[in-house]
Amino acid sequence: MPELIELEQQLNRLGAQLDWPATPNLASAIRLRIGARPRWWFENRWAMAAAAAILVVAALVAYPPSRAAIADWIDVHTRFKIVPHLSTPTPLPPGPLGRRLGLGQQTTLAQVRSTLKWQVLVPASLGQPDEVYLQPPPDAPSDGEVTLVYASRQGIPAAGETGVGVLITEARGSINSEFFGKMLGPGTTIEPVNIEGGSGYWIAGAPHAFVFVDRAGEVRYETLRLATNTLLVNKGGTVIRIEGNLTKAQALEMAASLA
Amino acid sequence: MAGRPTDDAELFSRAQRGEAAAYEEIVQRYQQVAFRTAYVITGSAAEAEDAAQDGFVKAYRALASFRPGAEPRPWLLRIVANEARNRVRSSGRRHQLELRLAERFRPGGAAPSPEAAAVAAEDSRRLLSLVNELSDEDRLVIASRYLLELSGEETAAALGIPEGTVKSRLFRALARLRSRVEETAGA
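Since the model is a prediction, treat every value here as computed from it, not as a measurement. (Residues numbered from 1 in each chain as written. Chains lettered and ligands numbered in written order. Predicted model: local features only at pLDDT ≥ 70, side-chain atom pairs only at ≥ 80, totals over all residues. Heavy atoms only, no water.)

### Concerning the overall build of chain A
Item 1. Check the secondary structure of chain A and you find 8 helices and 10 strands.
Item 2. Of all 259 residues assigned to chain A, the portion counted as buried reaches 43%.
Item 3. The contacts of chain A with a sequence gap of at least 6 include a subset with a gap of at least 24, amounting to 58%.
Item 4. About 13,200 Å² of surface is accessible on chain A, with carbon and sulfur atoms providing 57% of the total. (Helix = DSSP H or I, 4+ residues; strand = E, 2+ residues; numbered from the N terminus. Buried < 20%, exposed > 50% of the residue type's maximum accessible area, 1.4 Å probe, protein only. Contact = heavy atoms within 4.5 Å. Areas by Shrake-Rupley, 256 points an atom, 1.4 Å probe, with all protein chains shown as cover.)

Here it is, written out as structure tokens:
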């Protein structure tokens, strides 16, 4: 079609003649922003060290015989008199476990099941989640993203200082192994695994991010919240990720019991 | 290879190792195409600046996903365009994109006569106004592929659609534009 080719050439020439708005210099703004990457407080080693130090001092202070010795040592007698009783602080503030993980709005399983058009799967092996969150778009794909939070329990230690045992996040879409295969950092391994009624990948190590393609065909970059071993599952048009300090067998058992 | 600008592969591998200066150079290198792509999507220079900035920050955090030796443009454009589309979606409206001709452009060809230049300028103006009148979807694919001169892969990344869909969408958009060109030429 010669007319079309000519039109294409005219359009190419037109591109060179356009008055585009001036391109801003983004480098300096970006330098500031990447220098100050927001981190979860437990990711920050100084915050962790400070929390540990407070815990140690508080524990010692709570123990009367050591109180005077420490008071002499760090010379804070007055302060001890003003605050006679110190409860032992915990690194985990009270409140919902998932609150600081940026998972969206807290809700209930019944609520998400009645509002979402797609089926949210729950692993029968873990039972009912302790907390449920719904992340609406634009921070999640248009069909939303649901996270089930399970507290640590016997056999499943808490991840870092989060108090969270297992996080299960679900969104409509599919995994593109070509994309996330590129994302593996050193010390992280990926292995395809068989999941009944679907497919999956076991990522061992500490992956921090992963990529999937949502139902609108958009590639979404998501931060893995716990940076622990992760099982990714493609099942019935839903991408499910299971994060936690889990063994492969534990994660596969959870995946097999998803219903 | 002294004297040659640092190649993308080296810049990316340095940035992946956490060298912020290398990433700044990547930003400098690709900010124009990223900003203009975001501008074509949002129709607003301010929104495009925010989208490009957020996109580059996200890309920095996703650097581990960049495969050594891959083409950086589609990878970056996909992330920046995604930001731009999210902005359009969350604000609920797209600004009307109005592309304009530069005041003192010179039509291609060697030293055309003033008359020929005037005719060419008029042709460009007419074609541009027809592009501006296209539907958002048609204008976006034509602007990405021809005005920004993105490759097929980059256009797919910018539009968030498969490359095969770019071809069919482009074909239909060009056909519609051509029929508008014919209508107005006959008028």
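### A look at the pairing of strand 5 (residues 189-195) of chain A
Residue and element names in this part refer to chain A.
Item 1. Pairing between strand 5 and strand 6 (residues 198-204): 7 bridges, direction antiparallel. Residue pairing for strand 6: proline 192 is matched across the bridge by tyrosine 201.
Item 2. Connecting strand 5 to the next strand, strand 6, in antiparallel fashion are 2 residues, including glycine 197 with a positive phi near 75 degrees. (Pairing = 2+ DSSP bridges.)

### Notes on the pattern of salt bridges
Item 1. Throughout the structure, instances matching the rule amount to 21 salt bridges over all chains.
Item 2. Ionic pairing is found between Asp54(B) and Arg33(A), a salt bridge with its closest N-O pair at 2.8 Å. Residue Asp54(B) is found in helix 3 (residues 45-61), and its partner Arg33(A) is found in helix 2 (residues 27-35); the two belong to separate chains.
Item 3. Looking at Asp54(B), the relative accessible area reads 19%, which means it is buried.
Item 4. A network of salt bridges, in which partner residues are shared, links Arg33(A), Glu47(B), Asp50(B), Asp54(B) and Arg87(B). (Salt bridge = Lys/Arg side-chain N within 4 Å of Asp/Glu carboxyl O.)

### Quick word on the packing of aromatic side chains
Item 1. Scanning all chains against the criterion turns up 5 aromatic pairs over all chains.
Item 2. Taken together, a centroid distance of 6.3 Å and an interplanar angle of 75 degrees make the contact between Trp20(A) and Tyr39(B) edge-to-face. Taken together, the residues Trp20(A) in the loop between helix 1 (2-16) and helix 2 and Tyr39(B) in helix 2 (residues 20-42) connect one chain to another.
Item 3. By relative accessible area, Trp20(A) is classed as buried at 10%. (Phe/Tyr/Trp six-rings, centres within 6.5 Å; stacked < 30°, edge-to-face > 60°.)

### Section: the interface of chain B and chain A
Item 1. Contacts between the two partners involve 56 residues from chain B and, on the opposite side, 38 residues from chain A.
Item 2. The interface formed by chain B and chain A contains 2 salt bridges.
Item 3. Between Glu24(B) and Arg31(A) there is a salt bridge, with its nearest N and O atoms 2.8 Å apart.
Item 4. Linking chain B to chain A there are 7 residue pairs in polar contact (both at pLDDT 80 or more).
Item 5. Secondary-structure elements contributing two or more residues to the side of chain B that touches chain A are helix 2, helix 3, helix 4 (72-91), helix 5 (114-133), helix 6 (136-147) and helix 8 (163-186) of chain B.
Item 6. Of all the elements, helix 2 of chain B adds the most residues to the side of chain B that touches chain A, at 11 residues.
Item 7. Residues that form the side of chain B that touches chain A fall into these classes: 33 nonpolar, 10 polar and 13 charged. (Polar contact = N/O pair within 3.5 Å; in protein donor to acceptor, adjacent residues only side chain to side chain. Nonpolar A, V, L, I, M, F, W, Y, C, P; charged D, E, K, R; others polar.)

### As for the environment of Arg145(B)
Residue and element names in this part refer to chain B.
Item 1. Its place among the elements puts arginine 145 in helix 6.
Item 2. Between the C-alpha atom of arginine 145 and that of leucine 170, which follows or precedes it by 25 residues, the distance is 8.3 Å.
Item 3. A polar contact of 2.8 Å, which involves the side chain of arginine 145, links it to the backbone oxygen of leucine 150.

### Side note on the environment of Glu196(A)
Residues and elements named next belong to chain A.
Item 1. Counting through the fold element by element, glutamate 196 comes out in the loop between strand 5 and strand 6.
Item 2. Looking at glutamate 196, the relative accessible area reads 66%, which means it is exposed.
Item 3. Considering only alpha carbons, one finds glutamate 196 and leucine 252, 56 residues apart in sequence, at a separation of 9.8 Å.

### Comments concerning the packing of helix 2 of chain B against helix 3 of chain B
Residue and element names in this part refer to chain B.
Item 1. Closest axis-to-axis distance for the helix 2/helix 3 pair is 8 Å, and the angle between their directions is 135 degrees. Of the possible angle classes, the one that applies to helix 2 and helix 3 is oblique. In this structure, helix 2 meets helix 3 at a crossing whose hand is right-handed. Counting all contacts with helix 2, which are made through Tyr23, Val27, Tyr30, Gln31, Ala34, Phe35, Ala38, Tyr39 and Thr42, the residues of helix 3 involved are Ala45, Glu47, Ala48, Glu49, Ala51, Ala52, Phe56, Ala59 and Tyr60.
Item 2. Per-class residue counts for the contact of helix 2 with helix 3 are 14 nonpolar, 2 polar and 2 charged. (Axes fitted to C-alpha atoms, helices over the stretch in contact; angles between N-to-C directions. Parallel < 35°, antiparallel > 145°, perpendicular 65-115°, else oblique. Left-handed = near helix turned anticlockwise from the far one by under 90°.)

### A word on the side chain of Ser44(B)
Residues and elements named next belong to chain B.
Item 1. Here serine 44 is to be found in the loop between helix 2 and helix 3.
Item 2. Under the relative-accessibility criterion, serine 44 is labelled buried at 10%.
Item 3. At 3.0 Å, the side chain of serine 44 forms a polar contact with the backbone nitrogen of glutamate 47.
Item 4. Apart from residues lying up to four places away in sequence, serine 44 is in contact with Tyr39 and His95.

What is shown is where atoms sit, not what they do.
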